[in-house]
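Fold and contact review
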Number of protein chains: 2
Amino acid sequence: MNLTPATPAFLDHLKDAIPALRCDPASAGWLEEPRGKWQGQALAVLRPSCVEEVASILRLCNEARVGIIPYGGGTGLVGGQVIEAPGVLLLSLDRMHAIRDTAPEDNMIEVEAGVTLQSVQEAAAAAGRLFPLSIASEGTARIGGVLATNAGGTGVLRYGNTRDLVLGVEAVLADGTIIRDLKRLRKDNTGYDLRHLLIGSEGTLGVITAASLRLFPRPAERATAFLAVEGPADALALLHALQSQLGDVVTAFELMHRQGMDFLDEHGFQMPDPLETRPDWMVLVETSGASGTVAALEQALGSAFEEERISDAVLAQSDAQRDALWAIRETIPEGNRLTGSIMSHDISAPLSRLATFVERAGKAVRAVAPDVRINCFGHVGDGNLHYNVFPAQGRARQDYAAQTEDIQRAVHDVTHDLGGSVSAEHGVGRLKVSDLERYSDAGRLRTQRAVKAALDPRGILNPGAVLSGAPLG
Amino acid sequence: MNLTPATPAFLDHLKDAIPALRCDPASAGWLEEPRGKWQGQALAVLRPSCVEEVASILRLCNEARVGIIPYGGGTGLVGGQVIEAPGVLLLSLDRMHAIRDTAPEDNMIEVEAGVTLQSVQEAAAAAGRLFPLSIASEGTARIGGVLATNAGGTGVLRYGNTRDLVLGVEAVLADGTIIRDLKRLRKDNTGYDLRHLLIGSEGTLGVITAASLRLFPRPAERATAFLAVEGPADALALLHALQSQLGDVVTAFELMHRQGMDFLDEHGFQMPDPLETRPDWMVLVETSGASGTVAALEQALGSAFEEERISDAVLAQSDAQRDALWAIRETIPEGNRLTGSIMSHDISAPLSRLATFVERAGKAVRAVAPDVRINCFGHVGDGNLHYNVFPAQGRARQDYAAQTEDIQRAVHDVTHDLGGSVSAEHGVGRLKVSDLERYSDAGRLRTQRAVKAALDPRGILNPGAVLSGAPLG
């Protein structure tokens, strides 16, 4: 059944029913997408101030069959927050930005969905605790969106994905049902885990309005090193060696190809090279734990040198040096953006097959477009690589328009063949709906549709994201 | 709509349709319950050998509206595996006990549902890895049941609940749909997380037939100590101190009241006391990690002594001593069983409110039945306590028949009031269906019913467990 386009008259109806509701025009800032790939449309932005207003909005939209796009910080990379069709409403929880409670004794913080990730990190730090989730867009990304997309980032190896950091949620379903499940418990076996169903559903099953999140003790020491390795296989052998020597203190383990740094050079970034010469492959490793952590990593890297697992290394001697090493890793996406990829991929594969992935994907892509440049980097310790394909120097991404789909297909086919995922951390959004249909197990896909039909029978929530949905208009 | 009682004719129909199906009489062993609280009934036990047979069974039962009880090792404590009504079939996956793949490089093991937990632990150890889940019934409990009930145990503090150890599942829904989602990935953001919906659903949403499970490096050192503390508040202060000094290496942190050891004395167990005198409250703590772990705990306990957080301590000097300390903790449930509780509780509460819980629950219970004996023990580091109420010496549990419900209600009301859960790790089963209805948020409960209706519309899967279900017969 079709959705009904929202009209000014319907907006007036909403405002009459919810007198305190703030309703703004959907100005350009709400309709942009970080990489400029899509141009969104929307009649208006609804900005409620409390969960009850969210419930009223959804109930009325559901009755009228009006589509809603739940909107966080707008930083998603798969088009989950933009729809290129008119007649929907954006629902932003940016006015719901209270930190409701910080309880270091319970290692818990309860926040509303509109709080930015960085604000959560800062509130945790002020309470002497760590909220370990870290992504490049943390200053803008809001917790509601971070949970809705089950964001990954650089701390997953040690602390897990977003879903692993969530104790409880408050959420609203399409019909206005409020689920109040803001527990602060590590253990609660009373019925189905709706929390994990909502987390990662990208706003298609419900709108998360608040969450209770896990906090951790702040580690006494952090050790950060930048290393030259021969390639992905050696990087992973090093990871295994560090984990067996040091225990599970390895917090981040990021692989970088020199292409990323070469792009930064091209675009005039003055990033100093931390190593003597720039190798083809580099690793940024960080461990954290009790005092002695830095010395332990130094010793382990000494062994790695002797065993020829690494050929060069620098260990940060100060927080400033640590920040400088991380700045390289964190600036790489900006170099990519300025270069302009033909196609980006966010894949994961079993660790034992990652080196094979890099080799086979390279061959498959170059069979389609021999002259492209490839920047492969990412959270290799989690089995997650960003595998981005760029035009040859002097050519533009438009020159590859005829090959774009084949490039993506080649990378995704190799990924799937190796038992991997074509969306490791960015989600499905609108960009990968057909990939989900192509690669997902049939029974799993059918069950996902059954769950969607049960919780949002009219398909008003983020229509067309994750699963192909009810047509608009 | 009512379920249809299974008949011998229906069994013949199943056997005709699935020639290789093994179908046994439901002898006494299949119908018992560990504490002897309920006596189950069933027409027969179906024992398929592969996922396709499971799918055929469920499809045929669904068509005929015949109820199925998915049966693991039969060790559950809330009646999820026993039904006191005729006309249902037990579905045991005990013949599906293959360890399909052990991949230490991927820190993954893939096993069928019929494998016992202990066999998984042993296979992981043989591959030089750790599967950290540990529960008292691990020699009997099967992985299918362990996942279905999201079992807890003694390693949750460090490694999480069962659900945190599962990378992927293979499962069959009520209509015979097979979900094949046996990934071995840490990151996969392609659609709704059906894995977490099935885990902890106690066989009411689907039957888990296999799982890929996370493995961990084996820690180089383990340190185990038995401590005397003043009470729960001091125990938790000690835990916080250890975590901030040592990092997240605390693997187990178990609280015991002397009542548990007194029961063991009463029943003739010759458990030697590890401490000079038996204190009212004891803690068993274990840390594990890189070399230096034992020395670090010894030093931290020295500080705890000086700060008067503990009054006596023994640190295991050998594996035999470690086993002896753990034997005390692990024998306590047997002492409880022999004493015979009036009512057992499996509660969790925020750490900051646990000491208050112990105080308030004690007062509330004694207001109902002044002379009872209380044994309070458990995974205090997870906020999880087993709070079991026993007859006064010389009296029997039957003497308290009139107060039993009020005792449970008193404990659960205090728990709920403190933001806790009335089923921390044992699940809902049939025992706590009314508790779930009483204490659960209304929106959450309604949504759970909607999910059940979507995935098992005829209510054939474990009818009456978790949610009150379709009537039988």
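Residues numbered from 1 in each chain as written. Chains lettered and ligands numbered in written order. Predicted model: local features only at pLDDT ≥ 70, side-chain atom pairs only at ≥ 80, totals over all residues. Heavy atoms only, no water.

As recorded by an unreviewed UniProt entry, chain A carries the name FAD-binding oxidoreductase and is attributed to Pontivivens nitratireducens.

Now for the overall build of chain A. A count of helical and extended segments in chain A gives 15 helices and 18 strands. Expected size for 473 residues packed as a compact globule is a radius of gyration near 23 Å; at 23 Å, chain A falls within 12% of this value. For chain A, the spread of C-alpha atoms along the principal axes amounts to about 70 × 55 × 45 Å. Relative to its full complement of 473 residues, chain A shows a buried share of 63%. In chain A, of all internal contacts separated by at least 6 residues, the share reaching a separation of at least 24 is 74%. (Helix = DSSP H or I, 4+ residues; strand = E, 2+ residues; numbered from the N terminus. Rg over C-alpha atoms; globule rule 2.2 N^0.38 Å. Buried < 20%, exposed > 50% of the residue type's maximum accessible area, 1.4 Å probe, protein only. Contact = heavy atoms within 4.5 Å.)

With that settled, the discussion passes to the packing of helix H1 (residues 8-17) of chain B against helix H3 (residues 51-64) of chain B. All names here are of chain B. Viewed as axis vectors pointing N to C, H1 and H3 meet at an angle of 145 degrees, and their least axial separation amounts to 10 Å. As H1 packs across H3, the resulting crossing turns out to be right-handed. Two secondary-structure elements touch here, H1 through Phe-10, His-13, Leu-14 and Ala-17 and H3 through Ile-57, Leu-60, Cys-61 and Ala-64. Taken together, the residues of the contact of H1 with H3 sort by class into 7 nonpolar, 1 polar and no charged. (Axes fitted to C-alpha atoms, helices over the stretch in contact; angles between N-to-C directions. Left-handed = near helix turned anticlockwise from the far one by under 90°. Nonpolar A, V, L, I, M, F, W, Y, C, P; charged D, E, K, R; others polar.)

Scanning all chains against the criterion turns up 71 salt bridges over all chains. For Lys-187 of chain A, the salt bridge goes to Asp-382 of chain B, with nearest N and O atoms at 3.5 Å. Of this pair, Lys-187 of chain A sits in the loop between strand E9 (178-181) and helix H7 (194-198) while Asp-382 of chain B sits in the loop between strand E17 (373-378) and strand E18 (384-390), placing the two residues on different chains. The pair Lys-187 of chain A / Asp-382 of chain B is uniform in exposure class, with both members buried. Salt bridges sharing common partners tie together Arg-100, Asp-101, Asp-106, Glu-110, Glu-112, Glu-170 and Arg-184 of chain B. (Salt bridge = Lys/Arg side-chain N within 4 Å of Asp/Glu carboxyl O.)

All names here are of chain A. An order of E1-E2-E4-E3 is seen for the 4 strands of this open sheet, with the pairing classed as mixed. The sheet is open, and its two borders are formed by strand E1 (22-25) and strand E3 (68-71), each paired with just one other strand. Here the strands of the sheet are splayed against their neighbours by 30 degrees on average, with no regard to which way each runs. Strand direction decides the pairing type here: E3 and strand E4 (residues 89-92), joined by 4 bridges, are parallel. Its bridge partner being in E4, Tyr-71 is matched across the sheet by Ser-92. (Pairing = 2+ DSSP bridges.)

What follows is about helix H13 (residues 404-417) of chain B. Residues and elements named next belong to chain B. Between its terminal C-alpha atoms H13 stretches 20 Å, which fits the 20 Å expected from 14 residues at 1.5 Å a residue. Among the residues of H13, Thr-404, Ile-407, Gln-408, Ala-410, Val-411, His-412, Val-414 and Thr-415 are the ones counted as buried. Considering only its buried residues, H13 is in contact with strand E16 (346-348), helix H12 (354-368), E18 and helix H14 (433-439). Phi turns positive, to about 80 degrees, at Gly-419, one or two residues after H13. (Expected span 1.5 Å × (residues − 1).)

As a further point, take the pairing of strand E8 (residues 166-172) of chain B. Residues and elements named next belong to chain B. Where burial is concerned, most of E8 is hidden: 7 out of the 7 residues are buried. As judged from the 6 bridges shared by E8 and strand E10 (residues 207-214), these two strands associate in the antiparallel manner. Within E10, the residue paired with Gly-168 across the bridge is Ser-212. Note: E8 against strand E9 (residues 178-181), 4 bridges, orientation antiparallel. The partner of Ala-171 across the bridge, within E9, is Ile-179. Hairpin geometry of E8 and E9 is characterised by an intervening segment of 5 residues between the two adjacent antiparallel strands and by a positive phi of about 95 degrees at Gly-176.

Residue and element names in this part refer to chain A. An order of E15-E12-E14-E13-E17-E18-E16 is seen for the 7 strands of this open sheet, with the pairing classed as antiparallel. Edge strands, defined here as strands with exactly one partner in the open sheet, are strand E15 (312-315) and strand E16 (346-348). Between one strand axis and the next, the sheet turns through 20 degrees on average, direction left out of account. The pairing of strand E13 (residues 250-257) with strand E17 (residues 373-378) spans 2 bridges and is classified as antiparallel. Paired with Met-256 across the strands is Phe-377, a residue of E17.

When chain B is fitted onto chain A, the two copies agree to an RMSD of 0.0 Å after a turn of 180 degrees and an axial shift of 0.0 Å. One copy is carried onto the other by what is essentially a two-fold rotation axis. Both copies present the same face, since 100% of the interface residues in chain B are matched by interface residues at the equivalent positions in chain A. (Least-squares fit on C-alpha atoms with pLDDT ≥ 70 in both.)

All right, on to the interface of chain B and chain A then. Often the size quoted for an interface is simply the accessible area lost on bringing the parts together. Listed per partner, the contact involves 81 residues of chain B and 82 residues of chain A. Counting each side, the surface lost to burial between chain B and chain A is near 6,300 Å², with a carbon and sulfur contribution of 52%. On the chain B side of the interface with chain A, the three residues burying the most area are Lys-187, Asn-189 and Tyr-192 of chain B, jointly 17% of the side's total. Run the count over chain B and chain A and you get 10 salt bridges. (Buried area = accessible area lost by both parts, 1.4 Å probe.)

The next point concerns the UniProt feature "domain: FAD-binding PCMH-type" (unreviewed entry) in chain A. Under the present numbering, the feature "domain: FAD-binding PCMH-type" (unreviewed entry) in UniProt falls on residues 38-218 of chain A. Note that residues 38-218 of chain A is 22% helix and 25% strand, and that its end C-alpha atoms are spaced 40 Å apart. (UniProt positions renumbered as here; feature names shortened; annotations may be inferred.)

Let's shift gears to the nonpolar core. Counting residues in hydrophobic clusters, the biggest one holds 85 residues, and the most contacted among them are Leu-213 of chain A together with Leu-213 of chain B. Those residues in contact with Leu-213 of chain B, other than ones at most four positions away along the chain, are Asn-107, Met-108, Ile-109, Val-111, Val-120, Phe-131, Ile-143, Leu-147, Leu-165, Val-166 and Leu-167 of chain B. Membership of the second largest hydrophobic core comes to 49 residues, among which are Leu-227, Leu-255, Ile-342 and Leu-354 of chain A. (Core = buried A, V, L, I, M, F, W, Y, C linked by side-chain atoms within 4.5 Å.)

For the rest of this paragraph, the subject is the environment of Gly-29 of chain B. Residues and elements named next belong to chain B. The topology assignment puts Gly-29 in helix H2 (residues 28-31). Classification of Gly-29 as partly exposed rests on a relative accessible area of 48%. With 45 residues separating them along the chain, Gly-29 and Gly-74 place their C-alpha atoms 9.1 Å apart.

All names here are of chain A. Axis separation between helix H8 (residues 232-246) and helix H10 (residues 293-306) bottoms out at 11 Å; the angle between their running directions is 135 degrees. Comparing their axes, H10 and H8 come out oblique. As for how H8 packs across H10, the hand of that crossing is right-handed. On H10, the residues touching Leu-238, Leu-242, Gln-245 and Leu-246 of H8 are Ala-296, Leu-297, Ala-300, Ser-303 and Ala-304. Here the contact of H8 with H10 is built from residues that sort into 7 nonpolar, 2 polar and no charged. (Parallel < 35°, antiparallel > 145°, perpendicular 65-115°, else oblique.)

Any pair of aromatic rings gets described here by the distance separating the centres and the angle formed by the planes. On inspection of all chains with the given rule, the structure shows 8 aromatic pairs over all chains. Considering the side-chain rings of Phe-263 of chain B and Phe-390 of chain B, the 4.6 Å spacing of their centres and the 65 degrees angle between planes classify their relative orientation as edge-to-face. Placement of Phe-263 of chain B in helix H9 (residues 258-266) and of Phe-390 of chain B in strand E18 is noted, with a sequence separation of 127 residues between them. We note that Phe-263 of chain B, like Phe-390 of chain B, is buried. Centre to centre, the rings of Phe-357 of chain B and Tyr-387 of chain B are 5.3 Å apart; their planes meet at 75 degrees, and the pair counts as edge-to-face. Here Phe-357 of chain B is found in helix H12, whereas its partner Tyr-387 of chain B is found in strand E18, with 30 residues between them in sequence. For Phe-357 of chain B, a relative accessible area of 0% corresponds to the buried category. Exposure remark for Tyr-387 of chain B: the relative accessible area of 2% places this residue in the buried category. The cationic tip of Arg-438 of chain A hangs over the ring face of Tyr-439 of chain A; the distance from NZ or CZ to the ring centre is 6.0 Å. Geometry around Tyr-400 of chain B places Arg-395 of chain B over its ring, the cationic atom sitting 4.4 Å from the centre. (Phe/Tyr/Trp six-rings, centres within 6.5 Å; stacked < 30°, edge-to-face > 60°. Lys NZ or Arg CZ within 6 Å of the ring centre and 35° of its normal.)

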